[in-house]
Amino acid sequence: MSFDPALSRRRFLLVAGAALTAPGLAACGAGTVSAETLPAAISRVESTRRKGGARTVTHSLVAKPTRLDLGGVQVDTWAYGDELPGPRLRVTAGDVLRADLRNELPADTTIHWHGLALRNDMDGVPQVTQPPVPPGASFRYEFTVPDPGTHWYHPHVGLQLDRGLYAPLIVDDPAEPGRYDAELVVVLDDWLDGVAGTPDEQLDKLRQGGMHHGWPQGMAERPTSLVGGDGGDVAHPHLVANGRVATAPRSFEARPGQRVRIRLINAAADTAFRVALGGHRLTVTASDGFDTEPVETDAVLIGMGERYDLLVTLGDGAFPLVAAAEGKPGRALLVLRTSPQAAPPPADVRPAQLSGRVVTLADLRSTPGHRLPARRPDRTLTLRLGMSHRGYEWLINGRAFDPRRDDLPIQEGERVRLRFVNQTMMFHPMHLHGHTGQVVRADGAGPRKDTVVALPMRTVELDLDADNPGRWMVHCHNAYHAEAGMMALMGYTA
Ligand code: C2O
Ligand code: CU
């Protein structure tokens, strides 16, 4: 399909035009309706974010085929440069990020800035917010970075996310109290590219009916899974933490007694992880970039696309940070070392904390300063998450994604409630672009989230303030589900 930049603007104006036919308005004539185009609305909102004297942070990124070493496992894949994860970008909230992407891949690509409520035309969704960047071409992303937090970036084309194309994007808070001594960014991923074919070949297999049904008994780390009986669609042969398999883990050096902020990012395509640090309890301080009231826990469960910030005061030794796949076999590992003498933990170490308390959505409270003001929703949009009977197709409200169709129309200024009704036996980490919602709960203190796990046969609701005009994706962050249809567009109408 060819990209039509006029299409989105035309739709925006069309709806404004439709208002003219409403009784009472018809007589006024076109001149009295201020029909703002979508590009104008985007610039208007961006200019309210842009502070005079804002710093511009410049980066160049090259998406290209490369050979990576995952720790004894050599893979030919696609990545941002020659590292995995790709280059860590770091900015301060309020900065302008200017990132020049050069596409050296043999395929179209884009970059999506996952978690940022940025200007819509920089959101990196092909056919929707920009034409895809063809092989050999470049694209400049430039936008004000609105909020601090732990975020990341990846392509929004096909299954490229399930290759090596992902990296952290850390946004510092100018008012950060800095109550930690050291920082560790951990990016988790499930890996198959260059080991078991490519992600695209994997999807073909799923479409030919090759989805496995249930993992072999005893293969999973635990008999009970917090995401239901079905941990995923794809058997990735490896799990990696910061680009390394568990038999050759990366090691993070610190001193005993230091307070470490762990920024955890799940970049996997099809795997939720249960994460624990041997010998320690963890304090959750943020999720999806937004502060939560501190909660102590043994472990966290992190769905694809989610982020958690954790604080921990390290003991003396070498401690395994284990990320066990939830509801499927396998694990990733990282070693936190404060003593050079301590023996490294074995690759299959199983700290007791993994079967201890796991923090859930219900345990998390946003800090008072980060809560949405109490307000009744102006509009509730229901998204029924389903599966097709015809084959490997994942659906929202019975339909597969079509970039020409805005399934979820909203208006600027509204409080919108997204109601995710999971009618399947699988979990779906539902991700919203351009906004960070708040999980709906009776106490009004649900955590702010841009990615929320809808458990099998359960409903979860997210409220958001419609303050960022554009056409925004709402989709499952299981890359295979998204590619097989489980995406929709939430479009602002004038
Ligand atoms: Cu992280 Cu629409 O994606
Ligand atoms: Cu899904």
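Since we're looking at a predicted model, the values are computed, not measured.

(A) Representation of the overall build of the chain in the model. Summing up its helical and strand segments, the chain has four helices and 31 strands in all. Expressed as lengths along the three principal axes of its C-alpha atoms, the size of the chain is roughly 80 × 55 × 45 Å. Classification of the 494 residues of the chain by burial places 57% in the buried group. Restricting to contacts in the chain with at least 6 residues of sequence separation, those with at least 24 account for 77%. Approximately 18,700 Å² of the chain is accessible, and the part contributed by carbon and sulfur atoms is 52%.

(B) A look at the pattern of salt bridges. Taken as a whole and judged by the stated rule, the model has 42 salt bridges. When the shortest N-O distance is used, the salt bridge between Asp 450 and Arg 307 registers 2.7 Å. Taken together, the residues span a long stretch of sequence, with Asp 450 in the loop between strand S27 (448-449) and strand S28 (451-454) and Arg 307 in strand S17 (residues 307-313) at a distance of 143 residues. Of the two residues examined, Asp 450 and Arg 307, each falls in the buried class.

(C) Highlighting the sheet that holds strand S14 (residues 282-287). Pairing is mixed in the open sheet, where six strands are placed in the order S10-S9-S12-S17-S14-S15. Across the chains shown, the open sheet's two edge strands, defined by having one partner strand only, are strand S10 (238-241) and strand S15 (290-297). Neighbour to neighbour, the strand axes of the sheet diverge by 20° on average, direction disregarded. Bridge analysis of S14 against S17 gives four bridges, and the strand direction is antiparallel. Bridging across to S17, Val 284 finds its partner in Leu 310.

(D) Quick look at the pairing of strand S12 (residues 259-266). Within S12, seven of the eight residues are buried, leaving the element largely enclosed by the surrounding structure. Direction of pairing for strand S9 (residues 182-191) relative to S12: parallel, over a ladder of seven bridges. Paired with Val 187 across the strands is Ile 265, a residue of S12. Where S12 lies against S17, seven bridges are found, and the strand directions are antiparallel. Looking at S17, one finds that Arg 263 is bridged to Asp 309.

(E) Quick look at the coordination of the copper ion (ligand 2). Protein ligation of the copper ion (ligand 2) involves His 428 (ND1), Cys 476 (SG) and His 481 (ND1), the donor distances falling in the range 2.0 to 2.1 Å. If you list the donors of the copper ion (ligand 2) from N- to C-terminus, the spacing comes out as H-x47-C-x4-H.

(F) How the structure looks around the UniProt feature "domain: Plastocyanin-like" (unreviewed entry) in the chain. Here, UniProt's "domain: Plastocyanin-like" (unreviewed entry) annotation points to residues 69-175, 184-333 and 389-489. Summarising residues 69-175: 0% helix, 39% strand, and an end-to-end C-alpha distance of 39 Å.

(G) Main features of helix H3 (residues 199-207). Of the positions making up H3, those classed as buried are Pro 199, Gln 202, Leu 203 and Leu 206. The buried residues of H3 occupy an angular sector of 100° when the element is viewed end-on, so they sit on one face. Contact partners of the buried residues in H3: helix H4 (479-483).

(H) Broad picture of the sheet that holds strand S31 (residues 487-493). Sheet architecture is open: five strands sit in the order S23-S31-S30-S25-S28, paired in mixed fashion. The open sheet has two free edges, formed respectively by strand S23 (408-411) and S28, since each of these has just one partner strand. Put simply, the sheet's adjacent strands are angled 25° from each other on average, direction ignored. The pairing of S23 with S31 spans four bridges and is parallel. Looking at the pairing, Ile 410 lines up with Tyr 492 of S31.

(I) Broad picture of the pairing of S15. Sheet topology places S14 next to S15; five bridges connect them, and they run antiparallel. Opposite Thr 283, over in S15, you have Glu 296 as the bridge partner. Turn length for the S14-S15 hairpin, with the two strands adjacent in sequence and antiparallel, is two residues, and the turn residue Asp 288 shows positive phi of about 50°.

(J) Layout of the environment of Ala 35. Checked against the element boundaries, Ala 35 lands in the loop between helix H1 (5-18) and helix H2 (38-49). Through-space distance from the C-alpha of Ala 35 to that of Ala 494 is 7.1 Å; in sequence the pair is 459 residues apart.

(K) View of the packing of aromatic side chains. If you walk through the whole model with that rule in mind, you get six aromatic pairs. Members of the aromatic cluster, joined through ring pairs, are Tyr 80, Trp 113, Phe 139, Tyr 141, Phe 143 and Tyr 153. Directly above the ring of Trp 78 sits Arg 163, whose terminal nitrogen or CZ lies 3.7 Å from the centroid.

(L) Structural view of the environment of Glu 183. Positionally, Glu 183 belongs in strand S9. Classification of Glu 183 by relative accessible area gives buried; the value is 18%. Residues Glu 183 and Arg 259, spaced 76 residues apart in sequence, show a C-alpha to C-alpha distance of 8.6 Å. There is a polar contact of 2.7 Å between the side chain of Glu 183 and the side chain of Arg 90. In terms of polar contacts, Glu 183 uses its side chain to reach the side chain of Arg 263, at 2.7 Å.

Conventions and cut-offs
Residues numbered from 1 in each chain as written. Chains lettered and ligands numbered in written order. Predicted model: local features only at pLDDT ≥ 70, side-chain atom pairs only at ≥ 80, totals over all residues. Heavy atoms only, no water. Helix = DSSP H or I, 4+ residues; strand = E, 2+ residues; numbered from the N terminus. Buried < 20%, exposed > 50% of the residue type's maximum accessible area, 1.4 Å probe, protein only. Contact = heavy atoms within 4.5 Å. Areas by Shrake-Rupley, 256 points an atom, 1.4 Å probe, with all protein chains shown as cover. Salt bridge = Lys/Arg side-chain N within 4 Å of Asp/Glu carboxyl O. Pairing = 2+ DSSP bridges. Axes fitted to C-alpha atoms, helices over the stretch in contact; angles between N-to-C directions. Donors = N, O, S within 2.8 Å, 3.2 Å for Na, K, Ca; no water. UniProt positions renumbered as here; feature names shortened; annotations may be inferred. Arc of directions from axis to C-beta. Phe/Tyr/Trp six-rings, centres within 6.5 Å; stacked < 30°, edge-to-face > 60°. Lys NZ or Arg CZ within 6 Å of the ring centre and 35° of its normal. Polar contact = N/O pair within 3.5 Å; in protein donor to acceptor, adjacent residues only side chain to side chain.

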